[in-house]
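Working through the structure, step by step
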Amino acid sequence: MHKTEHTTNSSNKDIRITRWDLFSVFLRSFFIQSVWNYRSLISIGFGVSLIPVIKKLYHDPADQRACLERHLEFFNSHPYMASYALGISAHLEEASANGDETAGSKLERLKGVLVGTLGAIGDNLFWFRIKPFTLILGVALLTLVSEPNSILLVLIASFLIYNVPHVYLRWKGLVDGYERGPEIVSDFPVEVFKRVGAVYRSIGVVGFILFLVVLMRTMGLEHTGNAIVLPVLTLGSILAHVYIRNFYLTVSIVLMLAIAAGYVNLTL
Amino acid sequence: MSIFTASFVIGVLALDSTIALQMLLSQPIFGCSILGMVLGDPLLGVEIGMIMQLLWVNVMPVGASTFPEGGVGSMVTCAIVIISPIVGSENLVFAYAFVAGISVSALASQITVLDRKLNNSILDMTLEAAEKLNFRRILVLDIMGGLFYAGLIAVLVAIVLSISQWLLPQLQAQLPAETEMILRFVKPAVWAMGIGLTAHLIWNTYKNRV
């Protein structure tokens, strides 16, 4: 839609954001949480990310100041999904700079809606699916290899399995948000995200089962005691985690059980 | 020198946890591998990273929640094992490094909270700079926020590594020789904890609890 840069006339109308401006916002968005604080959450990173857009759209210092202050107000989102909000903000700021007087109020309303929506989608997709299951898969694959080159290859593959969708979504969210504006809010590809999450989970679970088989075999070969201790301590840690629900207490209990097992093994 | 290098690398990688990039570089399998390469033992780095990783897969850095900084803790475990000044007490070194790493994960989470509180002051300074339309100052404040956190983590790590360098030879000298045998199941126990927590996470995802 707005892919080409138009000339700016004397009354400051028909200014267009270019792909280069968006790329500049994209790079800054990797630091969107750099000054996370309890009063305005990620607003500083959000405002800083939009500086290239602000400089492009407004030339009057009063307009620049007003725009910057608008985006330094409270905002929160999942850090990757925030790119949708950045894109929509760029779209509405562009409309405002070109004379649309309703854009400002639309933006304020929309940012309020986006706080909950983008947070929930991003948390479910990345923090609860893609991230843990990529890491599980990474550990599983590492148990299968021993050559330094293969290890490096597994690490690079795991890094890409996570970061290709991550970086793609940051860019796509920004571009889609800018091109489609507020209408994208009612049209987030939630079903696609769910399917992607399910694929990562399935691959991660297969990897986890494979990992368990390899680990039991390797540890059992190292010492027969491990073949008994490992399942018992695993069960202990699951029970402790379910019933105590405190990570540090769970770790302490399992650690004490391991030391007790070592002591018993010594005395036998 | 190793302590300085390890502290610096861990401080920088800690930024990836919530402050910058968030590309998994601070996760144990990546962070410990990088640290291993820097400290001269990449394979040991990968091994420690694998052992520690599953402990932290179900830690979610969601919003304003306080969560253990497992990546930082694991990298401390890794650094202690690699630069350990003692030989012949592998189980003792690993058990000590694990406890130190777990403790650091809790301390580092408090540093995150402290940093976020201090960032309230940076917000005030940023708003002042916005009023004066000083873009350069806003950018500097933004960068400072991140660097301050990295500095705090690096100092914490340097203190823990320095104590470890002093304490490990003392422990080896004071503890009876049987300690190695008694601590032999600590490494399998860390695997077991990771497997247990991961199994619980998988169960919850199928029950749609997360």
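As the structure is a prediction and not an experimental result, all values here were calculated from the model.

What about the packing of aromatic side chains?
All names here are of chain A.
- One pass over the full model with this rule turns up 18 aromatic pairs over all chains.
- An angle of 85° between the planes, with centres 5.0 Å apart, marks the rings of Y84 and F188 as edge-to-face. Of this pair, Y84 sits in helix α5 (residues 82-97) while F188 sits in the loop between α7 (148-180) and α8 (190-222); the two residues are 104 residues apart in sequence, bridging distant segments of the chain.
- Both rings, one in F247 and one in Y248, keep their centres 5.2 Å apart while their planes meet at 85°; by these two values the pair is edge-to-face.
- Classification of F247 by relative accessible area gives buried; the value is 13%.
- Relative accessible area serves as the criterion here: at 27%, Y248 is assigned to the partly exposed category.

Focus on the confidence of the model for chain A
- Overall, the predicted model of chain A reaches an average pLDDT of 91, with 95% of residues at or above 70.
- Predicted confidence is poor over residues 1-11 of chain A, with pLDDT under 50, and the contacts of this stretch with residues over four places away or in other chains come to 18 contacts.

A word on the interface of chain A and chain B
- Between chain A and chain B, the contact holds 77 residues from the first and 77 residues from the second.
- The tally of links from chain A across to chain B stands at one salt bridge.
- Across the pair R39(A) and D124(B) runs a salt bridge, and its minimum N-O distance is 2.6 Å.
- At the boundary of chain A with chain B, the tally comes to 18 residue pairs in polar contact (both at pLDDT 80 or more).

Quick notes on helix α9 (residues 224-244) of chain A
- Counted at 1.5 Å a residue, the expected span for α9(A) with its 21 residues is 30 Å, and the 30 Å between its end C-alpha atoms agrees.
- Turning to α9(A), its buried residues number three or more, namely G225(A), N226(A), V229(A), L230(A), L233(A), T234(A), G236(A), S237(A), A240(A) and H241(A).
- Its buried side turned inward, α9(A) meets α8 and α10 (247-267) of chain A together with α8 (186-206) of chain B.

A look at the packing of helix α5 (residues 90-131) of chain B against α8(B)
All names here are of chain B.
- Viewed as axis vectors pointing N to C, α5 and α8 meet at an angle of 40°, and their least axial separation amounts to 9 Å. Taken as axis vectors, α5 and α8 run oblique relative to one another. Between α5, through F94, A95 and F98, and α8, the contact on the second element is made entirely by V186, K187, V190 and M193.
- Counted by class, the contact of α5 with α8 contains six nonpolar, no polar and one charged residues.

A look at the pattern of salt bridges
- Going through the model one piece at a time under the given rule, you end up with 11 salt bridges over all chains.
- Between E179(A) and R19(A) there is a salt bridge, with its nearest N and O atoms 2.6 Å apart. Residue E179(A) is found in helix α7, and its partner R19(A) is found in helix α1 (residues 19-29); the two are separated by 160 residues along the sequence.
- A relative accessible area of 16% means that E179(A) is categorised as buried.
- A salt bridge links K187(B) to E47(B); its shortest N-O distance comes to 3.3 Å. Linking K187(B) in helix α8 with E47(B) in helix α3 (residues 42-53), this pair joins segments that are 140 residues apart in sequence.
- By relative accessible area, E47(B) is classed as partly exposed at 34%.
- A single salt-bridge network, built from bridges that share partners, covers D14(A), R16(A) and E94(A).

What about the nonpolar core?
- Ranked by size, the top nonpolar core spans 153 residues in total, and within it L55(B) and F98(B) carry the most contacts.
- Here L55(B) is in contact with F247(A), F98(B), I102(B), V190(B), M193(B), G194(B) and L197(B), once residues within four sequence places are set aside.

Digging into the side chain of S17(B)
All names here are of chain B.
- Along the chain, S17 falls in helix α1 (residues 2-18).
- By relative accessible area, S17 is classed as buried at 16%.
- Within the local environment of S17, its side chain forms a polar contact with the side chain of E69, the two groups lying 3.0 Å apart.
- The residues contacting S17, other than those within four sequence positions of it, are Q22, S26, F67 and E69.

Some details on a nonpolar patch on the surface
- Together, L235(A), L239(A), Y243(A), I244(A), L249(A), I253(A), M256(A) and L257(A) give the surface a local cluster of nonpolar side chains, amounting to about 780 Å² of exposed area.
- Tracing the sequence through the fold places I253(A) in helix α10.

Regarding the state of the cysteines
Residues and elements named next belong to chain B.
- By the definition in use, this model includes zero disulfides over all chains.
- C32 takes part in no disulfide bond, and the closest cysteine sulfur to it belongs to C78, at a distance of 4.2 Å.
- C78 sits in the buried class, given a relative accessible area of 0%.

Points about α5(B)
- With 42 residues, α5(B) ought to run about 62 Å at 1.5 Å a step, and its terminal C-alpha atoms sit 58 Å apart, in line with that.
- Remark: L133(B) follows α5(B) within two positions and exhibits a positive phi of approximately 55°.

Description of unusual backbone geometry
All names here are of chain B.
- Residues other than glycine seldom take positive phi values, yet L21 does so here, at roughly 65°.
- In this fold, L21 is placed in the loop between α1 and α2 (28-39).
- Under the relative-accessibility criterion, L21 is labelled partly exposed at 27%.
- In this structure, Q22 takes a positive phi of about 50° despite not being glycine.
- Its place among the elements puts Q22 in the loop between α1 and α2.
- In this structure Q22 comes out as buried when scored by relative accessible area, which is 5%.

Reading guide: rules and limits
- Residues numbered from 1 in each chain as written.
- Chains lettered and ligands numbered in written order.
- Predicted model: local features only at pLDDT ≥ 70, side-chain atom pairs only at ≥ 80, totals over all residues.
- Heavy atoms only, no water.
- Phe/Tyr/Trp six-rings, centres within 6.5 Å; stacked < 30°, edge-to-face > 60°.
- Helix = DSSP H or I, 4+ residues; strand = E, 2+ residues; numbered from the N terminus.
- Buried < 20%, exposed > 50% of the residue type's maximum accessible area, 1.4 Å probe, protein only.
- pLDDT = per-residue confidence, 0-100.
- Contact = heavy atoms within 4.5 Å.
- Salt bridge = Lys/Arg side-chain N within 4 Å of Asp/Glu carboxyl O.
- Polar contact = N/O pair within 3.5 Å; in protein donor to acceptor, adjacent residues only side chain to side chain.
- Expected span 1.5 Å × (residues − 1).
- Axes fitted to C-alpha atoms, helices over the stretch in contact; angles between N-to-C directions.
- Parallel < 35°, antiparallel > 145°, perpendicular 65-115°, else oblique.
- Nonpolar A, V, L, I, M, F, W, Y, C, P; charged D, E, K, R; others polar.
- Core = buried A, V, L, I, M, F, W, Y, C linked by side-chain atoms within 4.5 Å.
- Patch = residues over 30% accessible without salt bridge, like charges linked within 9 Å, V, L, I, M, F, W, Y side chains within 5 Å.
- Areas by Shrake-Rupley, 256 points an atom, 1.4 Å probe, with all protein chains shown as cover.
- Disulfide = S-S within 2.5 Å.

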